[in-house]
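Geometric and topological summary
Each chain, letter by letter, is given below.
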Amino acid sequence: METIEHKTITANGINIHIAEKGQGPLVLFLHGFPELWYSWRHQILFMAAHGYRAMAPDLRGYGDTTGAPLHDSSKFTTLHVVGDIIALLDAIAPNEHQVFVVGHDWGANIAWSLCLYRPDRVKALVNLSVHFRSRNPMLKPVDKFRAIFGDDHYICRFQEPGDIEAEFAEVGVREVVKKFLTYRNPGTFYFPKGKGFECFPDTPDILPSWLLEEDVDYYTSKFEKNGFTGGLNYYRALDLNWELAAPWTEAQVKVPTKFIVGDLDLVYNVPGTKEFIHSGVFKKYVPLLDEVVVMEGVAHFLNQEKSDEINQHILEFIKKF
């Protein structure tokens, strides 16, 4: 990790921390929750060794990226974050009009939005875990989750500012990080109010082979410093995203795309998701979808759990362009 370079770029009114390595065509990695640039540590080293410039920012509200108002979730819409990305690309790769993009979890959501809003800037996309979701013009997303799963569903629980942060504080940052990253239950994710992490299985005494104590140390140090509110604001802006994205209702993502998901991923196991992905509806909205890969026995944080396989999938796809 010592060979990865770190710098801060002022762009779109905030100070964006980036980690990068290598020379060549740019591959931009976008992380999810509760993660950081560090989630892509294996991919950065691998892609740099194969002739690419690999770069991963801490997204708005995360890690060493500063300047976004954490108290105001309305400043965490997909339009804001895509604005950050475009301004960042203009600053660090002014002569590279199109770049490769790889996203996971919320980073995948942002990548889908980037491809909707500015497809001219994306050469090809590899998205992990979170498939494209078409906009339902009749129902706000939080209302939909509440209607299907009830008030204890994690997306509903994440809506009230300060509420879930208080429960996380009782558990402790390190334990929260470990519980999220080692979570493997493909069922619906609930946070019953006042019960903290009782719905979680006990954190394993021995971490899985793909997650080292030093990895947990890094995540913990950053979230202890800045808290989880920045990341939670992405969930709190869901309904505002829905309002602002009205012009893109029924719009297609017209970027060459590869999608990868683990069969134990809780997102993949949301009712209706497998049908959407495999019935041809996904392909309707992403007409340049090249391939869907379902990895057996793999959970949500697949870019860390199966880094070698994910590295190969990314490289094989982007080498086509």
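Residues numbered from 1 in each chain as written. Predicted model: local features only at pLDDT ≥ 70, side-chain atom pairs only at ≥ 80, totals over all residues. Heavy atoms only, no water.

**A look at the sheet that holds strand β6 (residues 122-128)**
The eight strands are arranged β1-β2-β4-β3-β5-β6-β7-β8 in an open sheet whose pairing can be described as mixed. Each having just a single partner strand, β1 (5-11) and β8 (289-295) make up the two edges of the open sheet. On average, each strand axis in the sheet is inclined to that of its neighbour by 20°, with strand direction left out of account. Across the sheet, helix α3 (residues 106-117) is in contact with β3 (26-30), β5 (99-104), β6 and β7 (257-262); its angle to β6 comes to roughly 150°. (Pairing = 2+ DSSP bridges. Helix = DSSP H or I, 4+ residues; strand = E, 2+ residues; numbered from the N terminus. Axes fitted to C-alpha atoms, helices over the stretch in contact; angles between N-to-C directions. Contact = heavy atoms within 4.5 Å.)

**Let's talk about helix α6 (residues 163-171)**
Along α6, the residues that are buried comprise Asp163, Ile164, Glu165, Glu167 and Phe168. The secondary structure elements touched by the buried residues of α6 are α5 (154-157), α7 (173-181) and α9 (229-236). Backbone geometry just after α6 places Gly172 at a positive phi near 105°. (Buried < 20%, exposed > 50% of the residue type's maximum accessible area, 1.4 Å probe, protein only.)

**So, the pattern of salt bridges**
Scanning the model with the defined rule gives 20 salt bridges in all. Salt bridges linked by common partners bring Arg157, Asp163, Glu167 and Lys193 together as one network. (Salt bridge = Lys/Arg side-chain N within 4 Å of Asp/Glu carboxyl O.)

**Focus: the packing of helix α1 (residues 41-49) against helix α14 (residues 307-318)**
The relative placement of two packed helices comes down to the angle between their axes together with the axis-to-axis distance. Relative to each other, α1 and α14 sit at 45°, their axes nearing to 10 Å. Viewed along their axes, α1 and α14 adopt a mutual orientation that is oblique. Classified by chirality, the crossing of α14 by α1 is right-handed. From α1, His42, Gln43, Phe46 and Met47 reach across to α14, where they touch Ser307, Ile310, Asn311, Gln312, Ile314, Leu315 and Ile318. For the contact of α1 with α14, a count of residues per class yields six nonpolar, five polar and no charged. (Parallel < 35°, antiparallel > 145°, perpendicular 65-115°, else oblique. Left-handed = near helix turned anticlockwise from the far one by under 90°. Nonpolar A, V, L, I, M, F, W, Y, C, P; charged D, E, K, R; others polar.)

**Observations regarding unusual backbone geometry**
The amide bond that connects Phe33 to the next residue, Pro34, takes the cis arrangement and shows omega of -10°. Note that Pro34 resides in the loop between β3 and α1. One non-glycine residue, Glu250, lies in positive phi territory at about 70°. Position of Glu250 relative to the elements: it lies in the loop between α10 (238-244) and β7.

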